[in-house]
Amino acid sequence: MKSVGSIGKITKAMKMVSASKMKGDLARLFAGRDYGANAVDMIFKSDQFLQRKLPADVNDPAVVIVPITSDKGLCGATNSTIVRSVKSYVNTQNRSKCQIFSIGDKGSVGMIRPFPDLLKTSISQVGTPYNYPTVMAMAVHISNLSQDSDKIVVVFNEFKSAISSVVRHMELMPKKRFLESMQFSKLYNQTLPDKNTSNPALYELYLTSNLWVAFLNNAASEQSARMNAMENASKNAKEIFEGLTMQ
Amino acid sequence: TRAIRYYTHSRGVTHPPLLQDRLLGQRGTVPPLYKPGAMFRTGLSRVAGSGMGGLLRRFGGSAWALEGEKSGIDSFIEKFRQSAPSVMEPPKFPTEFAKNKMKELDPAAPTPSKITFNFYLPHQVVHQAAEVDMVLLPATTGDFGVMPGHVPVVAQLRPGVVSVHKELDKEVEKFFVSSGFAFVHADSSADICAVEALPLDELDPSAVSAGLADYTAKLAAAQSKGDDYETAAAQIGVDVFSAMNSAVNTKQ
């Protein structure tokens, strides 16, 4: 009974901590998710010439998969759904053409067994709360790994509400394809010397801001899932405790 | 995520593109697998922010495009179901929730009287959909001002001062930005994405001159040592601090 009681207390404390962390993560999510990628998207959305001239998609693409998970556990199903989603995705693709760049311990550990040949790089202990320069550094690594691939797929949990989040696959262009596409941009005025030097920088903005949104969403989803998991654990502990108490 | 898909009919005729934007919690995942005879072109995909509704925009509305998409989705979901665990839901696609957000640009419409201005930092939204008269931007190729009806531009910014004229020359906000990108769109909206920006009032002149002296010394040291990386880093420091210096001094 003593152990059940103390477990109940611990989970209750963890729930409070997660709730307050979630508030912080939500604030960061709402502040940061409009950054960057929307604007870059408009270039592609509004330029009809560019859309017609985009390089054709490959039938059997070489993919770099970037699943984003956490290092700590006890966060409900968030990490395991990411791992399962990646497994299902790899089964729909040509396995020999996939590479996995895993961010977060839980994901790396979960994928080392089914995909020992695909897991190329893994990053762990990314300090929370996430900050933008760290994400920029990761974007550079991903960009280097995906030099010869046809697309980058970022797998993360999108925060929908405090009790639900959804797994999203975000598809991004690797650098070569982005630069090739931008050659055809007509609507947006870019003076020639500027075009050649600023398009790689624009690619960095595109990749990093998309990753940033993914990270923010993932953090908020993780905290909300942990809060719910600890809430359930406390409730269960309380029930067991009452069951064990003599009337 | 927002994905731009282009459909090419099997006979090589290009159909108008099917634009899909991402919707919060609604964004499609992997694009459908290729159906024989239809070539899908996947462009940008992006996660949509919460404020953004899903965008399904069809230029010209081609029925073929829709069919190609639907059967592509079906074949993908079939394959996904075979390999995914039974309790896992198949991904949702943007076609399932179209919410037209972007305004159709009517060429006959008069130019708007104000610019819709967005100023984003990774950690803060400085301005969102603010109606302003003019914005002055420090681009790498030179300073330029944006007024309603400006031609669409993508400009890389250098460290410098962004002036937001809420009312022309009357209500002016100045920010020092650490470089970034500025986008002016065809519907008279402007976006600035910078990694760091602060109101000009918050720059401390003494700290700025101290920093400038510091980095100038570092630059000299690195150049004498011949270390390329350190030279570049110090040069960046000198550039930013000189920009801050001139910004602070011009204000005074």
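Along each chain, numbering runs from 1 in the same order as the chain's sequence is written. Both sets of labels track the order of writing: A upward for chains, 1 upward for ligands. Only residues with pLDDT of at least 70 are given local features in this predicted model, and only at 80 or more are side-chain atom pairs given and counted; all residues enter the totals for whole chains, interfaces and linings. Heavy atoms from the whole structure form the basis of all side-chain values; hydrogens and water molecules are not counted.

Colleague: Please explain the packing of aromatic side chains as it appears in this structure.
Modeller: Each aromatic ring pair is summarised here by two numbers: the centre-to-centre distance and the angle between the ring planes. Residues and elements named next belong to chain A. Aromatic contacts are taken between Phe, Tyr and Trp rings whose centres are within 6.5 Å, Trp giving its six-membered ring; a plane angle under 30 degrees counts as stacked, one over 60 as edge-to-face, and the others as tilted. Counting across every chain of the model gives 10 aromatic pairs over all chains. Both rings, one in Tyr130 and one in Phe215, keep their centres 4.7 Å apart while their planes meet at 65 degrees; by these two values the pair is edge-to-face. One end of the pair, Tyr130, is in the loop between β3 (119–123) and α6 (132–145); the other, Phe215, is in helix α8 (residues 192–244), with 85 residues separating them in the sequence. Burial classes follow relative accessibility: with a 1.4 Å probe on protein chains only, a residue under 20% of its type's maximum area counts as buried, one over 50% as exposed, and anything between as partly exposed. Tyr130 gets classed as buried once you look at its relative accessible area, which sits at 10%. A residue is classified by how much of its surface remains accessible, and Phe215, at 0% relative accessible area, is buried. Taking 5.0 Å as the distance between ring centres and 20 degrees as the angle between the ring planes, the aromatic pair formed by Phe178 and Tyr206 counts as stacked. One end of the pair, Phe178, is in helix α7 (residues 175–182); the other, Tyr206, is in helix α8, with 28 residues separating them in the sequence. By the burial criterion, Phe178 is buried, and Tyr206 matches it. Helix and strand definitions here come from DSSP, where helices need a minimum of 4 consecutive H or I residues and strands a minimum of 2 consecutive E residues; each element is numbered from the N-terminal end.

Colleague: Can you help me understand the pattern of salt bridges in this one?
Modeller: Where charged atoms from two side chains of opposite charge approach closely, those side chains can pair. Any Lys or Arg side-chain nitrogen located within 4 Å of an Asp or Glu carboxyl oxygen qualifies as a salt bridge. Counted according to the given criterion, the structure contains 11 salt bridges over all chains. Across the pair Asp117(A) and Arg95(A) runs a salt bridge, and its minimum N-O distance is 3.1 Å. In this pair, Asp117(A) sits in the loop between α5 (105–112) and β3 while Arg95(A) sits in the loop between α4 (78–92) and β2 (98–103), placing the two residues 22 residues apart along the sequence. When its relative accessible area of 34% is taken as the criterion, Arg95(A) is described as partly exposed. Residues Lys114(B) and Asp133(B) are paired through a salt bridge, measuring 3.4 Å at the closest nitrogen-oxygen approach. Of the two residues, Lys114(B) sits in the loop between α1 (63–83) and β5 (115–121) while Asp133(B) sits in the loop between β6 (124–132) and β7 (134–139), which places them 19 residues apart along the sequence.

Colleague: Which parts of the structure should I look at to understand the packing of α4(A) against α5(A)?
Modeller: A pair of packed helices can be characterised by two numbers: the angle between their axes and the separation between those axes. All names here are of chain A. Lines are fitted to the C-alpha atoms to define the axes, a helix being fitted only along its stretch in contact, and any angle between axes, read from their N-to-C directions, falls within 0 to 180 degrees. Packing of α4 against α5 leaves a shortest axis separation of 9 Å and a crossing angle of 45 degrees. One finds that α4 runs oblique with respect to α5. Considering the relative orientation of α4 and α5, their crossing is right-handed. Taken together, the residues of α5 that come into contact with α4 (itself represented by Asn79, Val83, Val86 and Lys87) are Lys106, Gly107, Gly110 and Met111. Residues that form the contact of α4 with α5 fall into these classes: 3 nonpolar, 3 polar and 2 charged. By the definition adopted for this analysis, an angle is roughly parallel if under 35 degrees, roughly antiparallel if over 145, roughly perpendicular if from 65 to 115, and oblique otherwise. Crossings are sorted by hand: turned counterclockwise from the far helix by less than a right angle, the near helix makes the crossing left-handed, and turned clockwise it makes it right-handed. Two residues form a contact once any of their heavy atoms are found within 4.5 Å. In this classification, Asp, Glu, Lys and Arg are treated as charged, Ala, Val, Leu, Ile, Met, Phe, Trp, Tyr, Cys and Pro as nonpolar, and every other residue, Gly included, as polar.

Colleague: It is not clear to me how the packing of helix α2 (residues 37–46) of chain A against α7(A) should be interpreted in this structure. Could you clarify?
Modeller: Residues and elements named next belong to chain A. As a packed pair, α2 and α7 sit with axes 12 Å apart at the nearest point and diverge in direction by 50 degrees. Comparing their axes, α7 and α2 come out oblique. Like other packed secondary-structure pairs, α2 and α7 cross with a definite hand, here left-handed. In this structure, α2 uses Val40, Ile43 and Phe44 to contact α7, whose residues at the interface are Phe178, Ser181 and Met182.

Colleague: Is there a simple way to think about unusual backbone geometry in this case?
Modeller: Note on backbone geometry: most residues besides glycine have negative phi, and most peptide bonds are trans. Of note, the bond from Thr128(A) into Pro129(A) is cis; its omega dihedral lies within 30 degrees of zero at -5 degrees. Its location among the elements puts Pro129(A) in the loop between β3 and α6. The backbone of Asp169(B) sits at a positive phi, close to 65 degrees, despite the residue not being glycine. Topologically, Asp169(B) is positioned in the loop between β10 (160–167) and β11 (171–177). In this structure Asp169(B) comes out as exposed when scored by relative accessible area, which is 63%.

Colleague: It is not clear to me how the UniProt feature "domain: ATP synthase F1 complex delta/epsilon subunit N-terminal" (unreviewed entry) in chain B should be interpreted in this structure. Could you clarify?
Modeller: Residues annotated in UniProt with the feature "domain: ATP synthase F1 complex delta/epsilon subunit N-terminal" (unreviewed entry) correspond here to residues 120–187 of chain B. Secondary structure within residues 120–187 of chain B divides into 0% helix and 69% strand; the distance between the first and last C-alpha atoms comes to 18 Å. UniProt positions are given in the numbering used here, feature names are shortened, and annotations may be inferred rather than shown by experiment.

Colleague: What is the right way to look at α5(A) in this model?
Modeller: Because each turn of an α-helix spans 3.6 residues, side chains separated by three or four positions in sequence point in the same direction. Residue and element names in this part refer to chain A. Listing the buried residues of α5 in full gives Gly107, Ser108 and Met111. With its buried residues spanning 100 degrees around the axis, α5 presents them on a single face. Looking at the buried positions of α5, the neighbouring elements they touch are β1 (63–67), α4, β2 and β3. Directions pointing from the helix axis toward each C-beta atom define the arc.

Colleague: Please clarify how α7(A) should be interpreted in this entry.
Modeller: Here α7(A) has its buried residues at Arg177(A), Phe178(A), Ser181(A) and Met182(A). End-on, the buried residues of α7(A) take up no more than an arc of 130 degrees, which puts them together on one face.

Colleague: Help me out: how do you make sense of the pairing of β2(A) in this one?
Modeller: Along any regular strand, the residues point their side chains to alternate faces of the sheet. Residues and elements named next belong to chain A. In terms of residue burial, β2 counts as a mostly covered element, since 5 of its 6 residues are buried. For two strands to be treated as a pair, DSSP must find no fewer than two bridges joining them. Relative to β2, β1 runs parallel, the two being bridged by 3 bridges. Pairing of Ile65 across the sheet is with Ile100, part of β2. The definition of a right-handed crossover adopted here requires that, viewed with the strands pointing away, the path from the first strand over the helix to the second runs clockwise. A crossover links β1 with its parallel partner β2, the connecting element being α4, and its sense is right-handed. Where β2 lies against β3, 4 bridges are found, and the strand directions are parallel. Note that in β3 the partner of Phe101 across the bridge is Thr121. You can see the chain leave β2, run along α5 and come back into β3, and the turn it takes is right-handed.

Colleague: How do you make sense of the confidence of the model for chain B when you look at a structure like this?
Modeller: Where the model shows low pLDDT, its predicted coordinates should not be examined in detail. Residues and elements named next belong to chain B. Confidence of the predictor in every single residue is expressed as pLDDT, which spans 0 to 100. Residues with a pLDDT of 70 or more make up 62% of chain B, whose mean pLDDT is 70. Ignoring residues within four places in sequence, the model shows residues 1–68, a span with pLDDT below 50, making 245 contacts including any to other chains. Counted against residues more than four places away or in other chains, residues 95–101, with its pLDDT under 50, gives 21 contacts. Across the whole predicted complex the pTM is 0.78, and at the interface the ipTM reaches 0.83.

Colleague: Just checking my understanding: could you explain a nonpolar patch on the surface for this structure?
Modeller: Residue and element names in this part refer to chain A. Each patch is built from residues that are more than 30% exposed by relative accessible area and take part in no salt bridge. Like charges join if they lie within 9 Å; nonpolar side chains (Val, Leu, Ile, Met, Phe, Trp, Tyr) join within 5 Å. Accessible surface is estimated by sampling points in the Shrake-Rupley manner with a 1.4 Å probe; for residues, cover comes only from the protein chains shown. Taken together, the side chains of Met1, Ile240, Phe241 and Leu244 make up a nonpolar region of the molecular surface, amounting to roughly 360 Å² of accessible area. Checked against the element boundaries, Phe241 lands in helix α8. Residue Phe241 is classed as partly exposed on the basis of its relative accessible area, which comes to 33%.

Colleague: Would you mind going over the sheet that holds strand β5 (residues 164–172) of chain A with me for this structure?
Modeller: Within a beta sheet, neighbouring strands are joined by backbone hydrogen bonds and run either parallel or antiparallel to one another. Residue and element names in this part refer to chain A. Spatial ordering of the open sheet is given by β3-β2-β1-β4-β5, a layout of 5 strands whose pairing is mixed. Across the chains shown, the open sheet's two edge strands, defined by having one partner strand only, are β3 and β5. For this sheet the average axis-to-axis angle between neighbouring strands, irrespective of direction, equals 20 degrees. Where strand β4 (residues 151–161) and β5 come together, 9 bridges link them in antiparallel fashion. Within the sheet, the bridge partner assigned to Ile152 lies in β5 and is Leu172. Along the sheet, α6 makes contact with β1, β2, β3 and β4, crossing β2 at roughly 170 degrees.

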